[in-house]
2 protein chains.
Amino acid sequence: MTTTIKDVARLAGVSISTVSRVINNSKPVSPEVRKRVLEAIELLDYKPNEVARSLVTRKSNLIGVIVTDIGNFYVAEMVRGIEEIGRMYNYDIILSSSYGNIDAELKFVKFLTRKQVEGILLISERDDNEVVDEIQNYKIPFIYINRYYNRYNLPTVSIDNSRASTAMTEYLIELGHENLLYVTYGNDDNYSVERKKIEGYNKAIKDKGKNGLIYYAKGFTIEDGYNMGDSIIDFTRKNNISVIFCGHDELAIGLMSYCYDKGISVPEDISICGYGDERIASIYRPRLTTVREPFYDTGAVAIRSVIKQINGEQLEDNKLLLPFQIMKRESCARIKDK
Amino acid sequence: MTTTIKDVARLAGVSISTVSRVINNSKPVSPEVRKRVLEAIELLDYKPNEVARSLVTRKSNLIGVIVTDIGNFYVAEMVRGIEEIGRMYNYDIILSSSYGNIDAELKFVKFLTRKQVEGILLISERDDNEVVDEIQNYKIPFIYINRYYNRYNLPTVSIDNSRASTAMTEYLIELGHENLLYVTYGNDDNYSVERKKIEGYNKAIKDKGKNGLIYYAKGFTIEDGYNMGDSIIDFTRKNNISVIFCGHDELAIGLMSYCYDKGISVPEDISICGYGDERIASIYRPRLTTVREPFYDTGAVAIRSVIKQINGEQLEDNKLLLPFQIMKRESCARIKDK
DNA sequence: GTGAAAGCGCTAACAA
DNA sequence: TTGTTAGCGCTTTCAC
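Reading guide: rules and limits
Residues numbered from 1 in each chain as written. Chains lettered and ligands numbered in written order. Predicted model: local features only at pLDDT ≥ 70, side-chain atom pairs only at ≥ 80, totals over all residues. Helix = DSSP H or I, 4+ residues; strand = E, 2+ residues; numbered from the N terminus. Rg over C-alpha atoms; globule rule 2.2 N^0.38 Å. Buried ≥ 20, exposed ≤ 12 C-beta atoms within 10 Å, placed from the backbone. Contact = placed C-beta atoms within 7 Å. Nonpolar A, V, L, I, M, F, W, Y, C, P; charged D, E, K, R; others polar. Arc of directions from axis to C-beta. Near = placed C-beta within 6 Å. Domains from an automatic or database assignment. Pairing = 2+ DSSP bridges. Axes fitted to C-alpha atoms, helices over the stretch in contact; angles between N-to-C directions. Right-handed = clockwise from strand over helix to strand, strands pointing away. Least-squares fit on C-alpha atoms with pLDDT ≥ 70 in both.

Here's the deal with the overall build of chain A
The secondary structure content of chain A amounts to 14 helices and 12 strands. The C-alpha atoms of chain A give a radius of gyration of 26 Å, which is well past the 20 Å a tight globule of 338 residues would have. In terms of principal-axis extent, the alpha carbons of chain A reach across some 90 × 35 × 35 Å. By the burial criterion, 51% of the 338 residues in chain A qualify as buried.

Quick word on the interface of chain A and chain B
Listed by partner, the interface residues are 35 residues for chain A and 34 residues for chain B. Top element by residues in the side of chain A that touches chain B is helix α5 (residues 73-88) of chain A. It accounts for six residues. In the side of chain A that touches chain B, the residues fall into 16 nonpolar, eight polar and 11 charged.

Concerning helix α1 (residues 5-12) of chain B
Side chains three or four residues apart in an α-helix point the same way, a direct result of the helix having 3.6 residues per turn. Residues and elements named next belong to chain B. Those residues of α1 not exposed but buried are I5, V8 and A12. One side of α1 carries all its buried residues, which in axial view fall inside an arc of 60°. Check the buried side of α1 and you find it contacts α2 (16-24) and α3 (31-44). At the C-terminal side of α1, G13 shows a positive phi close to 70°.

Comments concerning the protein's contact with DNA strand D
Neighbouring residues of DNA strand D: 27 residues in total, closest A:P28, A:S30, B:I5, B:S17 and B:S20. Elements with a contribution of two residues or more to the surface near DNA strand D: α2 (16-24) and α4 (50-57) of chain A together with α2 and α4 (50-57) of chain B. Classifying every residue of the surface near DNA strand D by side-chain character gives 13 nonpolar, 12 polar and two charged.

Here's the deal with the domain arrangement of chain A
Frequently, the measure chosen for interface size is the accessible area that the parts lose on association. Residues and elements named next belong to chain A. Annotation of chain A at the domain level lists domain 1 (5-57), domain 2 (62-158 + 295-319) and domain 3 (161-294 + 325-337). A C-alpha centroid distance of 29 Å is found between domain 2 and domain 3. The interface is formed by 14 residues belonging to domain 2 together with 12 residues belonging to domain 3. Where the side of domain 2 that touches domain 3 is concerned, the elements lending two or more residues are α5 and α14 (295-310). Broken down by element, the side of domain 2 that touches domain 3 gets its largest block of residues, four residues, from α14. Tallied by class, the residues present in the side of domain 2 that touches domain 3 amount to six nonpolar, three polar and five charged.

A word on the protein's contact with DNA strand C
Taken together, 28 residues sit near DNA strand C, with A:T4, A:I5, A:S20, A:A52 and B:P28 positioned nearest. Elements with a contribution of two residues or more to the surface near DNA strand C: α2 and α4 of chain A together with α2 and α4 of chain B. Tallied by class, the residues present in the surface near DNA strand C amount to 14 nonpolar, 12 polar and two charged.

Brief notes about the sheet that holds strand β6 (residues 179-185) of chain A
Residue and element names in this part refer to chain A. Here six strands make up an open sheet; going across it, the order is β7-β6-β8-β9-β10-β12 and the pairing mixed. Of all strands in the sheet, those with a lone pairing partner are β7 (211-217) and β12 (325-327), marking the two edges. Going across the sheet, the axis of each strand differs from the next one's by a mean of 20°, ignoring polarity. As paired elements, β6 and strand β8 (residues 243-246) share four bridges and run parallel to each other. When the sheet's bridge partners are listed, L180 is paired in β8 with V243.

Some words on the pairing of β8(A)
Residues and elements named next belong to chain A. Taking every second residue as pointing to the same face, both faces of β8 are buried, with V243 and F245 on one and I244 and C246 on the other. As judged from the three bridges shared by β8 and strand β9 (residues 271-276), these two strands associate in the parallel manner. Residue pairing in the sheet places V243 in a bridge with S271 of β9. With helix α12 (residues 249-261) bridging β8 and its parallel neighbour β9, the resulting β-α-β unit is right-handed.

Quick word on the relation of the copies chain A and chain B
Expressed as a screw operation, the relation of chain A to chain B combines 0.1 Å of axial shift with a rotation of 180°, fitting to an RMSD of 0.1 Å. The superposition operator between the copies reduces to a two-fold rotation axis. Of the C-alpha atoms belonging to chain A, the one lying closest to the rotation axis is found on A:I94, 2.4 Å away. Most of the interface of chain A is mirrored in chain B, where 97% of its interface residues are also at the interface.

Examining the sheet that holds strand β7 (residues 211-217) of chain B
Residue and element names in this part refer to chain B. Pairing is mixed across the open sheet formed by six strands, whose spatial order is β7-β6-β8-β9-β10-β12. With one partner strand each, in any of the chains shown, β7 and β12 (325-327) form the two edges of the open sheet. Averaged over all neighbouring strand pairs, the angle between strand axes comes to 20°, with direction disregarded. Pairing analysis gives four bridges linking strand β9 (residues 271-276) to strand β10 (residues 289-292), with the strands arranged parallel. From the neighbouring strand, C273 faces β10, where its bridge partner is T289. In this fold helix α8 (residues 161-174) packs onto β6 (179-185), β8 (243-246), β9, β10 and β12, with an angle of close to 165° to the strand it touches most, β8.

Comments concerning the pairing of strand β3 (residues 119-124) of chain A
All names here are of chain A. Within β3, six of the six residues are buried, which leaves the element mostly enclosed by the surrounding structure. Burial of β3 is two-sided: the residues G119, L121 and I123 facing one way and the residues I120, L122 and S124 facing the other way are all buried. Relative to β3, strand β1 (residues 62-67) runs parallel, the two being bridged by four bridges. Considered in β3, the bridge of I66 is made with L122. In the sheet, β3 pairs with strand β4 (residues 142-146) via five bridges, with the strands oriented parallel.

Describing unusual backbone geometry
A cis amide bond, omega -5°, links A:R285 with the succeeding residue A:P286. Turning to its location among the elements, A:P286 is positioned in the loop between α13 (279-283) and β10 (289-292). The residue A:N61 is not glycine, and still its phi comes out positive at about 50°. Structurally, A:N61 is set in the loop between α4 and β1. Residue classification places A:N61 among the partly exposed residues on the basis of 19 C-beta atoms within 10 Å. Positive phi, close to 60°, is recorded for B:R58, a residue that is not glycine. With respect to the secondary-structure elements, B:R58 resides in the loop between α4 and β1 (62-67).

Here we look at the environment of B:G71
Looking at where B:G71 falls in the secondary structure, it is placed in the loop between β1 and α5 (73-88). We classify B:G71 as partly exposed; it has 18 C-beta atoms within 10 Å. For the pair formed by B:G71 and B:S97, sequence separation is 26 residues and the distance between their alpha carbons is 9.6 Å. The residues touching B:G71, leaving out its near neighbours within four places in the chain, are A:A76, A:E77 and A:R80.

Okay, here's the thing in C-alpha cells:
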C-alpha cells in the first residue's frame, strides 16, 4: 500500500490537517510538532498524492502542449524552451503530437481539458480555425504558435518576419547579388506568414533597385526542397539568379543536397540561404546562411505567457515579438566580379 | 463553473451513479434513461474530470518519460514512438528533460510518482545507479534505455550491438578496406555498450585478417567529433587508415564537417561511417553509411513493455532485441586499386 | 435497472 | 497552534 497523509498523522500523533500544514507551509505549526511530522514523513517515505491535491485545489500544475511533430528540429527546440521554463514555475508538460491531423488535435484538446490542464500551447503548421475555436471555447489560457499562418488575433510569439526578411535580403544585396530568388511555400493566403516575408523581401529589392523574383514551391520540407531542385535550378539559370533565399531552412537544406548530388557547388555556383537557423543549419556543410528565429526562446516566452494567464495577469500585448539575427555563414558568397 | 456529474444527473433527473454508468458503460442502463443522460451530457457539454476519476480508480493514465535532451535527434525519434504507441493504449506522456543532471533525474522520479504516473521510461546517457535504484524502489513499471551503458539487469530494449558492429565492419572490409579505425567514446567500463561494439568490431577484424585500430575519443557529440578531427585525421595518415568507423553518428557527422572545412574529401580521401542512422545521417552530404538503430521502434516497444507491466503481464524477456540494418550510402567508398 | 452512501487523499474553512 | 469536518468529482459497493 502507498502511504497516505493519514499514516503520517497517525505515526506523528497529530491530525491530518496538521500534516497538511507542514507539507504546504500553509499555517504556523509549532516547532516540536513540525519536527515529529517531518520525522514521520521521512520514516514512511511519504509523498503527497498530487491527484488528490489537484482535485481539491483545482490546480493540476499541468500544461498541455500539442505539436505537429516533435521530430521537426524547430519543434524540438521550442519544446525544450517550453519544458525548461515550465518546470521553473513548477508545471509539467503533457506532450501530444498531431502529425498535422486536425481530428487528432481536436481530440487532444478535449482530453487535455479532461485531464484538467491549466493551459494549452498549440504549435501548428496548419490553418486550423476549428481547433482554435475549440480551445477558446474552453476559455483556457492558450498560446498559438504557427510558422506559416497568422490568421487570428490570438496570443502568439514570433519574430518580425517582414523586417527579418528585409534584413536578410539587404545582406544578400550587400554581398553583391543583383538577381535574387525567393523560394517559398506557395499559398495565396493573405494571413500567411510567408506573405509578410515576401513583403519584406520586396521592400528590400525595391529600395535597393535590384531584381527579385519569387518561386512558389509545393511544400516546405527537406524532401520538397530536394525534389524541386531540378525546377528551381533550371529557373535560376534562365534568369541569371545568383542567390536563392529559401523561406525555410528545410527547403534550403533540401536544395543544397540536390546541388551536392548534381555536382553544383554552393556557394561557388549558386548561393543559398535559409530562414530559421534550425540546428542542422550550422551542422550541414557548407554552413547555411540564415535568419535566426529564436525557437527555444519562443517556447520559453510562450509558456511564460500561458503561466501569466493562469495566474490571472493581464497580457499587455498578445503578439510578442522576439529579436531575430542574420547568421552569416558559408552558403552565401560575395559576388566578386562586379 | 465547470459542469460536473451532478449537473448532468440533475438535468437528466437521475442519480449520479446512473450517469457514471452510462459514461463508463460499466453496468446496464435502460435505453430511455441512457438516452436522457446522453442528451444532458451533450447539452451541458459535460466532460468527466479525469483527476477525480484517477483519484478513485487509482489509474492516472499517465506515463512519465525522462530524457536527456529532446533536442538530441535520436531522443526525439524515440519519444515519437513512445508517444504514438502510448496514445494507442490511452496513455498520456509527461515529458521531463534532465540534460544529464542526475539530481534533476532524481527529482523527476519523485515528482512523477507524486503525480501518480503508472510507469516510468528513462532514456539516459549516464551510468546512473542512484536513479535506477530510486525508481526500482518505487516498484513502478519501468524501462531503462541507455545508448552507452548497460550495467543493470534491467528491462530494456536495444539492438544486438556486437553483431551490428561486426556486420558493419564486414561490410567495410567487403568494400576493400584493409586498415580500419574504430572511433569511440573512451571509457574503460566493462558494462558499456561500446565494449560490445568493440568486441563485434574486433571479431570481424580478426575473422577477416585485417588491421583494425581503435581510437578513444573524448566525447560523443558532433562538436567532439569536429574538435578531434585534427588528431583523428593525423592518426589515420600515420597508420594508413582508409575508413573510420565512428561509434555514433554524431561523431561521424562532426568528423565529416571537419573534413569539409579542411578540404579533405569524403569518401575520396577517407571513408567515414557512423552508428545510429539518426535523421541527419541521410540529410547530410555525403550521406552517411551507418548502422540503423530503430529509434522509433525502440520507443514504441519500450512503452508497450511498460504498459504490459502496468497490466500485470509478465515480461517473458526483459532484454528486448530489435533488428538493425546496415545503411550503405556514399560516405564509404569501395577501394578500387587493390 | 436504479439510487443512496461511502470513500479515494487531500485542503481549507471553522471551532476550539 | 491544533483538530474536526465538509467536500473536491468521481466510482463502486450495497440495497432495493
